[in-house]
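Overview (structure and organization)
The lines below spell out each chain.
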Amino acid sequence: MTSSVNYDAVISDVPAKVNMKKIAVASVIGTTVEWYDLFIFATASALVFNKIFFPSFDALIGTLLAFGTFASAYGARIVGAALFGHFGDRLGRKSMLLISLLAMGISTFAIGLLPDYAAIGIWAPILLLTLRLIQGLALGGEWGGAVLMAVEHAPENKRGLYGSWVQIGVPVGTLLANLAFLAIAALFPLEDLLSWGWRIPFLASALLIAVGLYIRLNIHETPVFQETKKQQQQVKVPLLEIARKHWKQVLLGGVATMSTGSSFNIIVAFGLTYGTQTLGFSRSIMLTVVLASCALCIVLLPAFGALSDRFGRKPVIIGGIIAEAVVAFPMFWLMDTQSLPLVFLGYGLLMTAFAANYGPIATFLAELFGTRVRYSGLSVAYMLSGLLGSATTPIVTTALLSWTGKGSSVAWYLMGSALISLVALLLLTETFRRDLRSSADEKR
């Protein structure tokens, strides 16, 4: 009881509140860098890579191959989650965050230097795939560590809020990635964009990496991990511990989170392709629509995170999942009108549903596991959701559109994804009152 009181006092005093601001900023900037790197690849896959790395195929097949390369990293993310999770649970959260950020930065910068298919033939897509896999390994360790730095430092009654700050890195990174491509699309003609202009966003990531590293070097390890390390309670092989005792939380947590990947990728990847290739909007217009929806998401994520601190994680997440299913058809109906204000409205509806789902989910997943395996459990569950949702969505939705020619087929896909996630979430228990030093199956 004494240790609990002392711990609570440490995380709720005035200096800790000041540190929480620093930790929140570090988490946002770090995940922003990671997701910026990820989504400039996604944006380039939709607009550029199908032409310069897979030029011998027709437009649809080239797009599918580009999205296939985009999806390949999701398998690597599972490996990265297990690898970084192992050392994050054994050695600490902070060191893994620094390593993952460096790995992501180096691979992204190298993509910006790659020769295209015309220069080196088949080696161009092979090298692109290799660097994409390194990106996946890095992101597999980055997200979980960032979540734990925020959630494990946060006061108990604000874990949802601070966990949602980590999630802000997704729309901010996407916004910056699309801003970069919007700028070069406006500044350069298509020939220059395909020749060398697309490289600028990748090379510019070096500046973001430098800022992220500087900030993360000035934050401290989390109190709960320090307590675990001091008492020498680390698990030798966290992944085996998860497989024995926590596999249900990992599996159900991953499936419950799946629809966030499906809905977000429909907004930022498929929607971009659908808007330009099917509806006839210019690249600049569709990128602007994505930017506006991401700006809305930045505001909504902490709001829904805070709501989860008041009403619980599951009620807010359930509301978001149901909303994703409800607005799936209206979004495409609105887009098919080819009225730009209605396209903005459709994007805004789905992004709001996504934010309600995604804002509290990081904290919810973290609270499913005890400190000794939390990095591994959280990371593997989330990366599993990416493999099930984000990785398959661009390929499946592009194929559905090709077969049916109608956006309604994609709406059915989104509704199915939401239903599966809802069932998995209902099988998990509420977590927002849980002691972070206890896992779902440990006695308190």
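Residues numbered from 1 in each chain as written. Predicted model: local features only at pLDDT ≥ 70, side-chain atom pairs only at ≥ 80, totals over all residues. Heavy atoms only, no water.

Some words on the overall build of the chain
Counting its regular elements, the chain contains 20 helices and 0 strands. Residues classed as buried in the chain amount to 60% of the 444 residues present. Within the chain, contacts between residues at least 6 apart in sequence are counted, and of these 86% link residues at least 24 apart. Here the chain displays about 16,600 Å² of accessible surface, and carbon together with sulfur accounts for 70% of that area. (Helix = DSSP H or I, 4+ residues; strand = E, 2+ residues; numbered from the N terminus. Buried < 20%, exposed > 50% of the residue type's maximum accessible area, 1.4 Å probe, protein only. Contact = heavy atoms within 4.5 Å. Areas by Shrake-Rupley, 256 points an atom, 1.4 Å probe, with all protein chains shown as cover.)

Points about the packing of helix H8 (residues 169–187) against helix H14 (residues 283–311)
Packing of H8 against H14 leaves a shortest axis separation of 9 Å and a crossing angle of 160 degrees. Here H14 runs roughly antiparallel to H8, going by the angle between their axes. For the crossing formed where H8 meets H14, the hand is left-handed. In this structure, H8 uses Pro171, Val172, Thr174, Leu175, Asn178, Leu179, Phe181, Leu182 and Ala185 to contact H14, whose residues at the interface are Ser284, Leu287, Thr288, Val290, Leu291, Cys294, Ala295, Cys297, Ile298 and Leu301. Split by residue class, the contact of H8 with H14 holds 15 nonpolar, 4 polar and no charged. (Axes fitted to C-alpha atoms, helices over the stretch in contact; angles between N-to-C directions. Parallel < 35°, antiparallel > 145°, perpendicular 65-115°, else oblique. Left-handed = near helix turned anticlockwise from the far one by under 90°. Nonpolar A, V, L, I, M, F, W, Y, C, P; charged D, E, K, R; others polar.)

Some remarks on the nonpolar core
Grouped together as the largest cluster of nonpolar side chains are 123 residues, with contacts concentrated most on Phe49 and Trp143. By residue number, the principal contributor to this core is helix H2 (residues 14–52), which donates 17 residues. Val33, Leu101, Ile209 and Leu213 belong to the second-largest nonpolar core, a separate cluster that totals 5 residues. (Core = buried A, V, L, I, M, F, W, Y, C linked by side-chain atoms within 4.5 Å.)

Some thoughts on the confidence of the model for the chain
Per-residue pLDDT for the chain has a mean of 85; in total, 89% of the residues score no lower than 70. Contacts of residues 1–18 to residues separated by more than four positions or lying in other chains number 15 contacts, the stretch itself having pLDDT below 50. Overall, residues 439–444 carries pLDDT values under 50, and its contacts beyond four positions in sequence, including any with other chains, amount to 16 contacts. (pLDDT = per-residue confidence, 0-100.)

Notes on the side chain of serine 417
Inspection of the secondary structure assignment puts serine 417 in helix H20 (residues 408–426). Separated by 2.9 Å, the side chains of serine 417 and serine 262 make a polar contact. (Polar contact = N/O pair within 3.5 Å; in protein donor to acceptor, adjacent residues only side chain to side chain.)

Some details on the packing of aromatic side chains
For the structure shown, the criterion picks out 11 aromatic pairs. Each ring, one from tyrosine 358 and one from tyrosine 382, has its centre 6.5 Å from the other, and the planes form 45 degrees; the classification is tilted. Of this pair, tyrosine 358 sits in helix H16 (residues 340–358) while tyrosine 382 is found in helix H18 (residues 374–390), placing the two residues 24 residues apart along the sequence. Here a set of aromatic residues connected by ring pairs shows up, and it is made of Trp143, Phe264, Phe354, Tyr358 and Tyr382. Arginine 132 extends its terminal NZ or CZ atom over the ring of phenylalanine 41, reaching a point 4.7 Å from the ring centre. (Phe/Tyr/Trp six-rings, centres within 6.5 Å; stacked < 30°, edge-to-face > 60°. Lys NZ or Arg CZ within 6 Å of the ring centre and 35° of its normal.)

So, the pattern of salt bridges
Applying the stated criterion across every chain, the model contains 9 salt bridges. Ionic pairing is found between aspartate 89 and arginine 93, a salt bridge with its closest N-O pair at 3.2 Å. Judged by relative accessible area, arginine 93 falls into the buried class, the value being 0%. One salt bridge connects glutamate 367 with arginine 313, and the closest N-O pair in it is separated by 2.8 Å. With glutamate 367 in helix H17 (residues 361–367) and arginine 313 in helix H15 (residues 313–336), this pair connects stretches of sequence that are 54 residues apart. (Salt bridge = Lys/Arg side-chain N within 4 Å of Asp/Glu carboxyl O.)

Some remarks on empty space enclosed by the protein
By the definition in use, this model includes 1 cavity of 30 Å³ or more. In this structure, the largest cavity occupies an estimated 140 Å³ of space. Lining the largest cavity are 18 residues, with Trp35, Gly261, Asn265, Tyr382 and Ser390 sitting closest to its centre. Broken down by secondary-structure element, the contributors of at least two residues to the lining of the largest cavity are H2, helix H3 (59–90), helix H13 (247–278), H16 and H18. For the lining of the largest cavity, the element with the most residues is H13, which contributes 6 residues. (1 Å grid on protein atoms, 1.4 Å probe; cavity = no way out; pocket = protein on both sides within 12 Å on 5 of 7 lines; lining within 4 Å. Points joined across faces, edges and corners; volume = space filled by probe spheres on them.)

Details of the side chain of serine 385
Inspection of the secondary structure assignment puts serine 385 in helix H18. Once residues within four sequence positions are removed from consideration, serine 385 is found in contact with Gly254, Thr257, Met258 and Ser390.

Here we look at unusual backbone geometry
Unlike most non-glycine residues, glutamine 232 shows phi in positive territory, near 55 degrees. Position of glutamine 232 relative to the elements: it lies in the loop between helix H11 (223–230) and helix H12 (238–245). The phi dihedral of glutamine 338 is positive, around 60 degrees, even though this residue is not glycine. Of the residues examined, glutamine 338 reaches a relative accessible area of 45% and is grouped as partly exposed.

Focus on the environment of leucine 400
Counting through the fold element by element, leucine 400 comes out in helix H19 (residues 393–404). Along the backbone, leucine 400 and valine 410 are 10 residues apart, and their C-alpha atoms lie at a distance of 6.6 Å. For leucine 400, the residues in contact, after removing those within four places along its chain, are Gly405, Ser409, Val410 and Tyr413.

Description of H20
In this model, H20 (19 residues) spans 27 Å end to end at C-alpha, consistent with the 27 Å of a helix rising 1.5 Å per residue. The complete set of buried residues in H20 reads Ser409, Val410, Ala411, Tyr413, Leu414, Ser417, Ala418, Ser421, Leu422, Ala424 and Leu425. Turning to H20, the residues buried within the fold contact H13, H15, H16, H17, H18 and H19. (Expected span 1.5 Å × (residues − 1).)

What about a nonpolar patch on the surface?
Residues Ile120, Ile122, Trp123, Ile126 and Leu127 make up a contiguous nonpolar surface patch of roughly 450 Å² in combined accessible area. For the nonpolar patch, the leading source of residues is helix H6 (residues 123–151), giving 3 residues. Looking at where leucine 127 falls in the secondary structure, it is placed in helix H6. (Patch = residues over 30% accessible without salt bridge, like charges linked within 9 Å, V, L, I, M, F, W, Y side chains within 5 Å.)

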